[in-house]
Amino acid sequence: MEALQITGGIPLNGSIGVLGAKNAVLKHLVATLLAPGTHVLSNVPDIVDVRLMCEVLEHVGARCVADGTTRTVTVPEVLSAEAPLDVVRKMRASILVLGALLTRVGSVRIALPGGDDFGTRPIDMHLDGLARLGAEFESRDGVLYGEAPRGLIGADVDLGFPSVGATENILLAAVMAKGTTVLTNAAREPELEDLASYLTAMGAKVVGAGTSRIEIHGVPELVAATYSVVPDRLEAGTYLLAGAASRGEVTVVNCVPDHLRMELSKMRAAGCDVTIGESTITVSGPERPTAVDFATLPYPGFHTDMHPQMVAFLASGDGTSIMTENLYSGRFRYIEMLNRMGAAIRTDGQHVVIDGQSTLVGATVDACDIRAGAAMVIAALAAAGTTTIVDASHLDRGYTDLEPKLKSLGATIARIAL
Ligand code: UD1
């Protein structure tokens, strides 16, 4: 097992860039399956989840070649219907192959997905939406079997909740379905909008992506395309909070400031100085954050994947902050870890009450999952002394070159084998 060792109390300063969004590129990789030929994706982060998704693609017959931040995916005319069960169990995003394989193969076999342990994460909306387009499903022994006996046919789909994954799965199934699909109460996340742009570059007819009503006019075929993935707002936000927590000043370049509007407004409310350029954001941290209340919500609300990092920042704030988590019931394991570092945080149902402490102290903590791990990094940079974050590989699922990037900003950080 690997661990990260971070010595805190040193203000971070400088500029770093971010790569394409994990939560976009995983879907773009799946989308390649819709068109035979050679696709070229650029701005791709070298993270474990991208490698896992490439394994899924290779298993169904595609070929993925990595060259720096470019992934070239060659998709054959004929694909296999079976996604690799072991990989799918590790990564929830692999459920997105449902829509693509039903379209290309007419059937699909896939394990019921895994991923981070955030409590129950059902896929009922994916299945109900695809069923509206003509798919039929049954599950046996943890394996889901799907087919579209009469092909996929456009339909009206109203989601009970703007699920990102369900919106994307239905979009992937609808772009080559017969007729028009109208998706209402759709997710509006920038990564989903980016998937729609990529599909459009492939020849799809999608209107309204980024709004809650998406109209998809099915086309008979798509063509392979070249595309640069939208910058990762979560990677950007994490480094900005890391800088702020260390009481330093960090600039993130090559990002889309608008995609972090809510998170930046909460950073401002917490006393950060925030300067926005066309594709840059600079945040400098206060001596001690001011207490702030916030709630996670689908985009454009505060991103649930930024909540642990913001809580870690507010742990050394002045006063009591309250955070309400509206998306996941089981996303609180990291709180016990922050409390080991001297934080005073408690939960009450879906609410998290953060009594800001004047100092955090280094301790041995567990990364728990990608964003909880990022929260540990942020708390460690703010804390006095050295923090050891065990199970650090969780961070590799979402962050490329975490240590070199933090080192370039002046952090004292090392990866050690335990
Ligand atoms: C995606 C992101 C994840 C982020 C989440 C919310 C990827 C790879 N992952 O996950 O990092 O935290 O969006 O922004 O892009 N739900 C159901 N039934 C369903 C589908 C979802 O009840 O069929 C529930 C989930 O359990 C959860 C909520 O809806 O409580 C939101 O999930 P969803 O938006 O689907 O998230 P993901 O697409 O899984």
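Going along each chain's sequence as written, the residues are numbered from 1 onward. Reporting in this predicted model follows two pLDDT cut-offs: at least 70 for local features of residues, and 80 or more for side-chain atom pairs to be given and counted; totals over whole chains, interfaces and linings ignore these cut-offs and use all residues. Note that water and hydrogens are dropped before the side-chain values are worked out from all heavy atoms of the structure.

Thoughts on the sheet that holds strand 6 (residues 107-111)
So, point 1. We call two strands paired when DSSP finds no fewer than two bridges between them. Secondary structure follows DSSP: runs of H or I at least 4 residues long count as helices, runs of E at least 2 residues long count as strands, and numbering of each begins at the N terminus. Spatially, three strands are ordered 6-8-7 in an open sheet, and the strand pairing comes out antiparallel. The open sheet has two edge strands with one neighbour each: strand 6 and strand 7 (136-140). Here the strands of the sheet are splayed against their neighbours by 15° on average, with no regard to which way each runs.
So, point 2. Contacts from helix 4 (residues 97-104) reach strand 6, strand 7 and strand 8 (143-147), with the element oriented near 155° to strand 6. Structural elements are reduced to axes, namely lines fitted to C-alpha atoms, with helices fitted over the stretch in contact, and the angle between N-to-C directions of any two is expressed from 0 to 180 degrees. Should any heavy atoms of two residues lie within 4.5 Å, those residues are considered in contact.

Some remarks on the domain arrangement of the protein chain
So, point 1. Segmentation of the protein chain into domains returns domain 1 (2-18 + 231-417) and domain 2 (22-228).
So, point 2. Note that the domain bounds reflect an automated or database-derived domain assignment. On a C-alpha basis, the centroid separation for the pair domain 1 and domain 2 is 30 Å.
So, point 3. Between domain 1 and domain 2, the contact holds 23 residues from the first and 23 residues from the second.
So, point 4. Values labelled buried area give the accessible surface lost by two parts on being combined, using a 1.4 Å probe and summing over both. In terms of surface lost to domain 2, no three residues of domain 1 exceed Tyr299, Tyr328 and Arg397, which account for 33% of the buried area on that side.

Concerning the pattern of salt bridges
So, point 1. By salt bridge we mean one thing: a side-chain nitrogen of Lys or Arg within 4 Å of a carboxyl oxygen of Asp or Glu. If you walk through the whole model with that rule in mind, you get 18 salt bridges.
So, point 2. In this structure, Arg140 and Glu138 form a salt bridge, with 3.1 Å as the shortest nitrogen-oxygen distance.
So, point 3. Summary of the burial criterion: residues with accessible area below 20% of their type's maximum are buried, those above 50% are exposed, and those between are partly exposed, where the area comes from a 1.4 Å probe applied to protein chains only. For Glu138, a relative accessible area of 46% corresponds to the partly exposed category.
So, point 4. The salt bridge partner of Glu287 is Arg247, with a shortest N-O separation of 3.8 Å. With Glu287 in the loop between strand 16 (281-284) and strand 17 (294-295) and Arg247 in the loop between helix 8 (233-245) and strand 14 (249-253), this residue pair connects regions lying 40 residues apart in the sequence.
So, point 5. Glu287 sits in the exposed class, given a relative accessible area of 64%.
So, point 6. Of the residues examined, Arg247 reaches a relative accessible area of 28% and is grouped as partly exposed.
So, point 7. Through salt bridges with shared partners, a single network forms among Glu2, Asp396, Glu403 and Arg415.

A closer look at the packing of helix 1 (residues 22-32) against helix 2 (residues 48-59)
So, point 1. For the pair helix 1 and helix 2, interaxial distance at closest approach is 10 Å and the crossing angle is 10°. As summarised for this structure, helix 1 and helix 2 are arranged roughly parallel, according to the angle between their axes. Contact residues: helix 1 offers Lys22, Val25, Leu26, Leu29, Val30 and Thr32, while helix 2 offers Asp49, Val50, Met53, Cys54 and Leu57.
So, point 2. When residues are sorted by character, Ala, Val, Leu, Ile, Met, Phe, Trp, Tyr, Cys and Pro go into the nonpolar class, Asp, Glu, Lys and Arg into the charged class, and all the rest, Gly among them, into the polar class. Considered class by class, the residues forming the contact of helix 1 with helix 2 number eight nonpolar, one polar and two charged. Any angle between 65 and 115 degrees counts as roughly perpendicular, while under 35 counts as roughly parallel, over 145 as roughly antiparallel, and the rest as oblique.

Some words on the packing of aromatic side chains
So, point 1. Here the aromatic set is Phe, Tyr and Trp, taking the six-membered ring for Trp, and pairing holds for ring centres within 6.5 Å; pairs whose planes are under 30 degrees apart are stacked, those over 60 apart are edge-to-face, and all others are tilted. With the rule as written, the count across this model stands at three aromatic pairs.
So, point 2. With 4.4 Å between their ring centres and 45° between their planes, Phe294 and Phe302 make a pair best called tilted.
So, point 3. Given a relative accessible area of 5%, Phe294 falls into the buried group.
So, point 4. Comment: the charge-over-ring label is applied if NZ (Lys) or CZ (Arg) is within 6 Å of the ring centre and within 35 degrees of the ring normal. One cation-aromatic arrangement involves Arg140 over Tyr145; the distance from NZ or CZ to the ring centre is 4.3 Å.

Describing the site of the ligand
So, point 1. Not every one of the 20 residues close to the ligand is listed here, only the nearest: Asp124, Met125, Ser163, Asp305 and Leu327.
So, point 2. The side chain of Asn23 places a nitrogen or oxygen atom 3.1 Å from an oxygen atom of the ligand.
So, point 3. Any N or O atom pair separated by 3.5 Å or less is treated as a polar contact, with the protein-specific requirement of one donor-capable and one acceptor-capable atom, and with residues adjacent in sequence counted only for side-chain atom pairs. Interatomic distance of 2.6 Å between a side-chain N/O atom of Asp124 and a nitrogen atom of the ligand.
So, point 4. Here the accessible surface of atoms and residues is derived via Shrake-Rupley with a 1.4 Å probe, and residues count as covered only by protein chains that are part of the display. Coverage of the ligand by the protein amounts to 88% of the 740 Å² it exposes when considered alone.
So, point 5. Breaking the shell around the ligand down by element, the ones donating at least two residues are helix 1, helix 5 (124-132) and helix 6 (164-174).
So, point 6. No other element matches the three residues that helix 5 contributes to the shell around the ligand.
So, point 7. Residue classes in the shell around the ligand are distributed as eight nonpolar, seven polar and five charged.
So, point 8. Taken domain by domain, the shell around the ligand gets at least three of its residues from each of domain 1 (2-18 + 231-417) and domain 2 (22-228). By convention in this text, a residue qualifies as near a molecule or strand provided that one of its non-hydrogen atoms is within 4 Å of it.

Digging into the packing of helix 4 against helix 6
So, point 1. Their axes nearest at 7 Å, the elements helix 4 and helix 6 cross at an angle of 15°. Classified by the angle between their axes, helix 4 and helix 6 sit roughly parallel to one another. The two elements helix 4 and helix 6 cross, and the hand of that crossing is right-handed. Here helix 4 contributes Leu98, Gly99, Ala100 and Thr103 to the contact with helix 6, which in turn contributes Asn169, Leu172 and Ala173.
So, point 2. Split by residue class, the contact of helix 4 with helix 6 holds four nonpolar, three polar and no charged. In this scheme, a crossing is called left-handed if the near helix is turned counterclockwise away from the far one by less than a right angle; it is called right-handed if the turn is clockwise.

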